[in-house]
Amino acid sequence: MSAPAMARDTISIVGSSTVYPFATVVAERFGSNTDFSTPKMESTGSGGGMKIFCQGIGTQNPDITNASRRMKSSEFELCQSNGVKDIVEFRIGSDGIVIASSQEADHMDLTLKQLFLALGEKVPQNGEWVANPNKNWSDVDSSLPNKPIRVMGPPPTSGTRDSFNELALEGGCDQLQEAESLSKDEHKAICQSIREDGAFIEAGENDNLIVQKLIGDKDMYGVFGYSFLEENADRLQAASLNGVEPTQANIAEDKYPVARSLFFYVKKAHVGVVPGIVEYASEFVSPRAMGPNGYLKDVGLIVPTREALMELQDKVENMPNLTLNELK
C-alpha cells in the first residue's frame, strides 16, 4: 500500500513562465499580508503545468496551474480521467508576444508573412513547399537587415511557443496564396512548424535567459511575453508587427497581432484541504492587484476591464466548474 500523502499548509502552483512573474508578486503579497504561508511556485511551462496538474487529486499534486493559453479539451479530458473533475478557470488579462532585440540592434518592422518566411520549417517555392532556404533576413525581403536569421525562443512545452506558432507563424502563413490549397491537417503541420536547422534556438523555460543573450548579442532576436520587454525597456526594443508596436494599449485593444489571454486554473477538490486557495485567488483578482492602478499593472500585466474584473470576483465567490463545451 502507498503511504498516505502528507497534508500541506502551503499552496502549490505550477505552469506558465509568462504568468510566473505575475503569480509570484501575488503570492509574495499574499504571504506577507495574511496568516497563510507564501505559495510555492514552479515554472514548468503551460503544457508541462497542465500535465502535472491533471495527474490527480491529493496533496502530492499541485492546487493551481498557470497558463499563457486556454486549457485544451484534450487536457480537460486528461484531468477528468485522473479524477480531477472540478476545475475553475480564471482569465486574468492579456499579454503580447514580442520579437525583441538589444537597443543597439537594427530596429525591425516585420509583417507576419515575413516572420513566417524567416522561421517556418517549409516555405513555398515555385508551387512546392520546400525546406526553408532563407539564411539572412534580407533573403526574405531586401528591406530587412543583411544578417543571419537567429531567433531565440521558448520550447514546445511553453504556452508562449503554442501562441507564437498559432498567432504569429500561422497568421503569416495564411497571408500566402499557397496556404489556401492545403488540407486542414497539412495546414496545421506546415503553418505551425518552426525550422529546426539552427536559425531558431530553443532557450528553455527561462525568459530571463533570452533577455541576457539579447543584451550580449545585437544580431540575435528573441521571442517572449511583453512583460519581459517592459521590465527591460532600457536595454531592449521590439519589432513592430504588421506596422503595430507592442504597447499596453495596442495589446489590450487587440490591435497588436500577437496578443493572447493569460489564465490560472484551480483544483476545486483541494479547496478546504490546503489552506488559503480561495483567499489566494481572491487576492489575485482584487482591485488592488488587477484594478486600473493595481500592482500587477505595474509589473506589466495588461489588466482586464472593470466588467471582466467583477466577473472574476464573482467566480471566486461561486467557483463555477469549467465544462468541456466551453473549451470547444
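Residues numbered from 1 in each chain as written. Predicted model: local features only at pLDDT ≥ 70, side-chain atom pairs only at ≥ 80, totals over all residues. Heavy atoms only, no water.

Under an unreviewed UniProt entry, the protein chain has the name Substrate-binding domain-containing protein and belongs to Marinobacter salexigens.

## Quick notes on the overall build of the protein chain
Check the secondary structure of the protein chain and you find 15 helices and 13 strands. Rg of the C-alpha trace for the protein chain: 21 Å, near the compact-globule value of 20 Å for 328 residues, within the 12% margin. Projected onto its principal axes, the C-alpha coordinates of the protein chain cover approximately 60 × 40 × 40 Å. For the protein chain, long-range pairs separated by at least 24 residues make up 74% of all intrachain contacts whose partners lie at least 6 apart in sequence. In the structure as shown, the protein chain presents an accessible area of about 14,700 Å², 47% of it carried by carbon and sulfur atoms. For the protein chain, the separation between the mean place of its 30 positive charges and that of its 46 negative charges on side chains is 3 Å. (Helix = DSSP H or I, 4+ residues; strand = E, 2+ residues; numbered from the N terminus. Rg over C-alpha atoms; globule rule 2.2 N^0.38 Å. Contact = heavy atoms within 4.5 Å. Areas by Shrake-Rupley, 256 points an atom, 1.4 Å probe, with all protein chains shown as cover. Lys, Arg positive; Asp, Glu negative; His and termini not counted. Charge placed at Lys NZ, Arg CZ, Asp CG, Glu CD.)

## What about the side chain of Thr 160?
With respect to the helices and strands, Thr 160 occurs in helix α6 (residues 159-173). Classification of Thr 160 as buried rests on a relative accessible area of 2%. A polar atom in the side chain of Thr 160 sits 2.8 Å from the side chain of Thr 18. (Buried < 20%, exposed > 50% of the residue type's maximum accessible area, 1.4 Å probe, protein only. Polar contact = N/O pair within 3.5 Å; in protein donor to acceptor, adjacent residues only side chain to side chain.)

## Things to note about the environment of Leu 229
Along the chain, Leu 229 turns up in helix α9 (residues 226-231). It is 20 Å that separates the C-alpha atoms of Leu 229 and Ser 46, two residues lying 183 residues apart in sequence.

## Quick look at unusual backbone geometry
The phi dihedral of Asn 242 is positive, around 50°, even though this residue is not glycine. By the element assignment, Asn 242 lies in the loop between β12 (240-241) and α10 (248-252). Positive phi is not limited to glycine here, since Met 319 has a value of about 45°. Structurally, Met 319 can be placed in the loop between α14 (306-318) and α15 (324-327).

## Observations regarding the packing of aromatic side chains
Two descriptors summarise a pair of aromatic rings, namely the distance from one centre to the other and the angle between the planes of the rings. Following the criterion strictly, the structure yields 9 aromatic pairs and no others. Centre to centre, the rings of Phe 90 and Phe 264 are 4.8 Å apart; their planes meet at 20°, and the pair counts as stacked. Here the residue Phe 90 occupies a position in strand β4 (residues 87-102), and Phe 264 occupies one in strand β13 (residues 259-267), the gap between them amounting to 174 residues. Residue classification places Phe 90 among the buried positions, given a relative accessible area of 0%. Residue Phe 264 is classed as buried on the basis of its relative accessible area, which comes to 0%. (Phe/Tyr/Trp six-rings, centres within 6.5 Å; stacked < 30°, edge-to-face > 60°.)

## With respect to the packing of helix α1 (residues 20-33) against helix α11 (residues 277-284)
The angle between the axes and the distance between the axes are what describe a pair of packed helices. It is at 10 Å that the axes of α1 and α11 come closest, and there the two elements cross at 115°. The two elements α1 and α11 cross, and the hand of that crossing is right-handed. The residues of α11 that touch α1, namely those facing Phe 22, Ala 23, Val 26, Ala 27, Arg 29 and Phe 30, are Glu 279, Tyr 280, Glu 283 and Phe 284. Residue classes in the contact of α1 with α11 are distributed as 7 nonpolar, no polar and 3 charged. (Axes fitted to C-alpha atoms, helices over the stretch in contact; angles between N-to-C directions. Left-handed = near helix turned anticlockwise from the far one by under 90°. Nonpolar A, V, L, I, M, F, W, Y, C, P; charged D, E, K, R; others polar.)

## A few points about the pattern of salt bridges
A full pass over the atoms with the stated rule returns 13 salt bridges. Measuring nitrogen to oxygen at the nearest pair gives 3.2 Å for the salt bridge that ties Arg 260 to Asp 95. Here Arg 260, found in strand β13, pairs with Asp 95, found in strand β4; they are 165 residues apart in sequence, far enough to count as distant. Each member of the pair, Arg 260 as well as Asp 95, carries the same accessibility label: buried. With a closest N to O distance of 3.4 Å, Lys 147 and Asp 219 form a salt bridge. (Salt bridge = Lys/Arg side-chain N within 4 Å of Asp/Glu carboxyl O.)

## Observations regarding the nonpolar core
By size, the foremost hydrophobic cluster in this structure holds 54 residues, and its most contacted members are Leu 119, Trp 137, Phe 164 and Phe 224. Considering each element in turn, this core owes the most residues, 6 residues, to helix α4 (residues 112-119). Residues within four places of Leu 119 in sequence aside, it is in contact with Asn 132, Ile 149, Val 151, Phe 164, Leu 169, Ser 193, Ile 194, Arg 195 and Phe 200. In this structure, Met 41, Val 266, Tyr 295 and Leu 312 belong to the second largest nonpolar core, which totals 31 residues. (Core = buried A, V, L, I, M, F, W, Y, C linked by side-chain atoms within 4.5 Å.)

## Section: the state of the cysteines
What the rule picks out here adds up to 2 disulfides. A disulfide bridge connects Cys 54 with Cys 79, and the sulfur atoms are separated by 2.0 Å. Between Cys 54 and Cys 79 the disulfide shows an S-S torsion of about -80°. By sign, it is left-handed. With Cys 54 in the loop between α2 (46-53) and β3 (64-67) and Cys 79 in helix α3 (residues 73-81), the pair connects residues that are 25 residues apart, well separated along the chain. Each member of the pair, Cys 54 together with Cys 79, is buried. Bridging Cys 173 to Cys 191, the disulfide has an S-S length of 2.1 Å. Across the disulfide from Cys 173 to Cys 191, rotation about the S-S bond amounts to roughly -45°, and the bridge is consequently left-handed. (Disulfide = S-S within 2.5 Å.)

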